[in-house]
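# Coordinate analysis (summary)
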Amino acid sequence: MPRSLASIFPFLDWPRPTAQLLRGELWAGITVGLMLLPQGVAYAALAGMPLITGIYASIIPALVAVLFSGSPRLGVGPTALSALLIGASLSGMAEPGSVQWVQLAAWMAILAGLLQWVLGLVRAGWLLNLVTSPVLTGFTQAAALLILASQLPTLLGMRSSWEAVWHTPSLQHFDWHSIAYGVASIALLVLAKRWRPAFPSAVVIIGLTGLISWATGFADQGGQVVGHLPSGLPHFQWPGWLELDALSALIMPVLVIALVSFLETASSAQVEHQQAGTRWNENQDLIAQGVSKISAGLFGSFATSASFSRSAVNLLAGAKTGYANLFAIALVIVVVLWFIPALYHVPQSALAAIVITAVVNLIKPRAILYLFKLSRIEGSIAVATLLLTLLTAPRMYWGVLAGIVLSLGYFLYQRLHPRIIEVAPHPDGSLRDRHLWQLPPIAPGVLALRMDAALDFASASALEHRISEALATHSDTRVLYLAAQPVNRIDVTGVEMFVRLRLSLQKRGISLHIGGMKLPVERILSRAGALVPSTDLVLYRTDAQALSTLQHIPPSPNTSVSPGYVRD
């Protein structure tokens, strides 16, 4: 198959199916498909969407994603985090489950998909690096707490609001049958996960609770059940044009959904490719996730993403190719066509239990403590992101954006304050921090400095100030040695600073010696005319060459070294 065509349609590179391959893929697909069904319905409820749309999200969008993805074993469909973002973002804009709510959710999927698709086409997968680990840690844990809080009323079968419970405490506010279904479902899900993680326990528990609910007449007694769901496959439906005000209100949620959902994809895809020993093509997966979301919005569903839990189960069940996901989608289609009425009696508290057990693993206080152990500032960024996400709910995207701004601010602060140290020869032959290791200087009258950063607009001023302070402290300096090996890049601001430094040193009668300058930096300085040979400028290829010369400079202000490079 031509490489150019396979790069557009990665499924063309799948291995030719054999009976042995398909048998293994079938079992993995059935396992993931049985997980998709209850999770799809549960996550649709979390997103405030009609429950059937959770199953629709597991058909066309999942099929599009697996055909276009460079990571075909990813379990794509509805996820708890994306569903929460949809439900929280649309809160106050429409009534959950209404036609307007569905329309807004469809446009969120289409716009987020277009954004991801365009970013993939222009090879902008590097933008993923804007969201640092502390930001993602804080956000996901805050989101998990919000998901748990959103599921409590359903789990407890609440018949009234929390405000009514607070003002008139009474057990009458709760449905004990719903509580029993929910708590029992949680217990069984936890036990099943410990017994066999790859076992599709959720669908078994859904079937069991639905059977008990039907036998006891739970729905006839006013219990909260799934109810009637339409049979049949999803079909194309244009969501209709949005008013300008509604469209502008979706901009921030769309940005965050596109970003967070791709972070979910990244966490799953990296595991898949590490296991397979292959390289992850983040831009191709951006394209796949983009067209998947677009198809979700055009086929009556909501934004999808890659599920870490379903992807992990897919790998654990032995999936080798994308055929496993095709079997999973086929199973969902069979259920939609012939078995949807069987979901009528399933208690909604059992669905809440599925969501709770799926997200409770996201709550990891030790992860934040670990960040504080490594860096107090980055640990504080994680805590700030967590708190702001909780405080700004339901507009929880402000927590992510604030975390990104804090991370970028910390990054910029570090660039503006690079590590600049005075160095001296260590007994092992290397140049190390003179004050940290309590080392003698290279030679009398020689001041040696090293900056561990690029020489650009962010660091140039800091280096200039550090040199000025050091020369003021060391008034007997005759030679300034710059260990330039860590400097791998220079910009116009850095060149201008270098020229000023050389002129300043000339006026003071101080010669400038530079060791280990990288060729790209040297070329730019040469083009700027900043490396014109002179008695006040000496270049060395390595620090070792510099030391062999500088350590033997006699303590005479009139002694100089020949200009240009000192060679072996």
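Now for a quick tour of the structure. (Residues numbered from 1 in each chain as written. Predicted model: local features only at pLDDT ≥ 70, side-chain atom pairs only at ≥ 80, totals over all residues. Heavy atoms only, no water.)

Moving on to the layout of surface pockets. By volume, the largest pocket amounts to about 1,500 Å³. The wall of the largest pocket is formed by 49 residues, among which F308, S309, A358, N361 and L362 lie closest to the centre. Of the residues belonging to the lining of the largest pocket, the class tally is 30 nonpolar, 14 polar and five charged. Within this model, the second largest pocket holds a volume of roughly 620 Å³. (1 Å grid on protein atoms, 1.4 Å probe; cavity = no way out; pocket = protein on both sides within 12 Å on 5 of 7 lines; lining within 4 Å. Points joined across faces, edges and corners; volume = space filled by probe spheres on them. Nonpolar A, V, L, I, M, F, W, Y, C, P; charged D, E, K, R; others polar.)

Judged by side-chain polarity, L114, W117, V118, L121 and V122 come together as a nonpolar surface patch covering roughly 420 Å² of accessible area. Mapped onto the fold, W117 is located in helix α6 (residues 99-121). (Patch = residues over 30% accessible without salt bridge, like charges linked within 9 Å, V, L, I, M, F, W, Y side chains within 5 Å. Areas by Shrake-Rupley, 256 points an atom, 1.4 Å probe, with all protein chains shown as cover. Salt bridge = Lys/Arg side-chain N within 4 Å of Asp/Glu carboxyl O. Helix = DSSP H or I, 4+ residues; strand = E, 2+ residues; numbered from the N terminus.)

A few words now on unusual backbone geometry. Located in the positive-phi region is R123, a residue other than glycine, with phi close to 60 degrees. Following the sequence through the fold, R123 ends up in the loop between α6 and α7 (133-155). Even without glycine at this site, Q438 takes up a positive phi of about 55 degrees. Within the secondary structure, Q438 is located in the loop between β4 (431-433) and β5 (446-451).

Here we take up the environment of L505. Residue placement: L505 occurs in helix α21 (residues 492-508). Residue classification places L505 among the buried residues on the basis of a relative accessible area of 1%. Look past the residues within four positions of L505 in its chain and what remains in contact with it is L471, L480, I510 and L512. (Buried < 20%, exposed > 50% of the residue type's maximum accessible area, 1.4 Å probe, protein only. Contact = heavy atoms within 4.5 Å.)

Attention now moves to empty space enclosed by the protein. What the rule picks out here adds up to three cavities of 30 Å³ or more. Computed from the structure, the largest cavity encloses a volume of approximately 190 Å³. Taken together, 18 residues form the lining of the largest cavity, with L455, L463, L482, A484 and V487 sitting closest to its centre. Residues belonging to the lining of the largest cavity are distributed by class as follows: 16 nonpolar, no polar and two charged. The computed volume of the second largest cavity comes to approximately 100 Å³. Along its surface, the second largest cavity is lined by 16 residues, and A62, L74, G75, V76 and N325 are the ones closest to its centre. Taken together, the elements giving at least two residues each to the lining of the second largest cavity come down to α2 (19-46), α4 (60-68), β1 (75-77) and α15 (323-338). Taken together, the residues that form the lining of the second largest cavity break down as ten nonpolar, five polar and one charged.

Scanning the model with the defined rule gives ten aromatic pairs in all. A ring pair is formed by W238 and W241, whose centres lie 5.1 Å apart and whose planes are at 70 degrees; its orientation type is edge-to-face. Owing to a relative accessible area of 69%, W241 belongs among the exposed residues under this scheme. By way of ring pairs, the aromatic residues F11, W14 and Y323 are connected into one cluster. If you follow R432 out to its NZ or CZ, it ends over the ring of W437, 4.8 Å from the centre. (Phe/Tyr/Trp six-rings, centres within 6.5 Å; stacked < 30°, edge-to-face > 60°. Lys NZ or Arg CZ within 6 Å of the ring centre and 35° of its normal.)

By the criterion of burial, strand β3 (residues 420-425) is predominantly enclosed, with five of the six residues buried. When β3 meets β5, the two strands line up antiparallel, connected through three bridges. Following the sheet pairing, E422 is matched in β5 by L449. With three bridges joining them, β3 and β4 adopt antiparallel strand pairing. Residue pairing in the sheet places A424 in a bridge with R432 of β4. Connecting the antiparallel pair β3 and β4 is a turn made up of five residues, with G429 showing a positive phi of about 100 degrees. (Pairing = 2+ DSSP bridges.)

This part is about the side chain of S511. Here S511 shows up in strand β7 (residues 511-515). According to the relative accessible area criterion, S511 is buried, its value standing at 15%. A polar side-chain atom of S511 sits 3.3 Å from a polar atom in the side chain of H513. When near neighbours in sequence (up to four residues on either side) are disregarded, S511 contacts R478, V479, L480, T535 and D536. (Polar contact = N/O pair within 3.5 Å; in protein donor to acceptor, adjacent residues only side chain to side chain.)

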